[in-house]
Amino acid sequence: MSENNHYYNAKDLGRFGEIGRTNPALADKFFGYYNAVMAEGALTEREKALIALAVSHALKCPYCIDAYTTTSLQKGADEAQMNEAVHVAAAMAAGISLVHSVQMQNKIDELSF
């Protein structure tokens, strides 16, 4: 299978700027917002990179995982901190799935004879 013949191509991450190919005005607005959000504020850039890494795992984006692994390291996070952030995302995803079982229990209670 050739390099360009699969869903995930790591080189495509470098092409992210091309999202504005057909609508540069909207891409500019996105990148302006993104850059403002990721800048130092109440949270450090390192903390924001760790949050982004965790969200990348929760939403299962391989491009983002690559990007925010690199960014987290560049911003001073170590592997233990990165791993813990991913575990926070995993625990949240599990809890979010499990809390919806209450909906199932409500329906069982409603339908029970």
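Worth saying up front: this structure is predicted, and the values here are computed from it rather than measured. (Residues numbered from 1 in each chain as written. Predicted model: local features only at pLDDT ≥ 70, side-chain atom pairs only at ≥ 80, totals over all residues. Heavy atoms only, no water.)

The next point concerns the packing of aromatic side chains. Summed over the entire model, instances satisfying the criterion amount to 5 aromatic pairs. Judged by centre distance (5.1 Å) and plane angle (65°), the ring pair of F30 and F31 falls under edge-to-face. Three or more aromatic residues joined by ring pairs make a cluster, and in this case those are F16, F30, F31 and Y34. (Phe/Tyr/Trp six-rings, centres within 6.5 Å; stacked < 30°, edge-to-face > 60°.)

Moving on: a nonpolar patch on the surface. Side chains of L13, F16, I19 and F30 sit close together on the surface and give an oily, nonpolar patch of about 320 Å² of accessible area. Its location among the elements puts I19 in the segment before α1 (24–38). (Patch = residues over 30% accessible without salt bridge, like charges linked within 9 Å, V, L, I, M, F, W, Y side chains within 5 Å. Areas by Shrake-Rupley, 256 points an atom, 1.4 Å probe, with all protein chains shown as cover. Salt bridge = Lys/Arg side-chain N within 4 Å of Asp/Glu carboxyl O. Helix = DSSP H or I, 4+ residues; strand = E, 2+ residues; numbered from the N terminus.)

This part covers the domain arrangement of the protein. Segmentation of the protein into domains returns domain 1 (12–41) and domain 2 (42–112). In this assembly, 8 residues from domain 1 lie in contact with 11 residues from domain 2. Taken over both partners, the interface formed by domain 1 and domain 2 buries close to 770 Å², and the fraction arising from carbon and sulfur atoms is 52%. At the junction of domain 1 with domain 2, the criterion picks out 0 salt bridges. Taken together, the connections running from domain 1 to domain 2 amount to 5 residue pairs in polar contact (both at pLDDT 80 or more). (Domains from an automatic or database assignment. Contact = heavy atoms within 4.5 Å. Buried area = accessible area lost by both parts, 1.4 Å probe. Polar contact = N/O pair within 3.5 Å; in protein donor to acceptor, adjacent residues only side chain to side chain.)

The end-to-end C-alpha separation of helix α4 (residues 79–99) is 30 Å, in line with the 30 Å expected for 21 residues at 1.5 Å each. Among all positions in α4, only M82, A85 and A89 are buried. In an axial view of α4, the angular spread of the buried residues amounts to 60°, which keeps them on one side of the axis. Every exposed residue of α4 that faces more than 90 degrees away from the buried side is listed here: E79, A80, E84, H87, A91, L98 and V99. Lining the buried residues of α4 we find α2 (45–58) and α3 (62–74). Its side-chain oxygen 3.2 Å from the backbone nitrogen of A80, D78 forms the N-cap of α4. (Expected span 1.5 Å × (residues − 1). Buried < 20%, exposed > 50% of the residue type's maximum accessible area, 1.4 Å probe, protein only. Arc of directions from axis to C-beta.)

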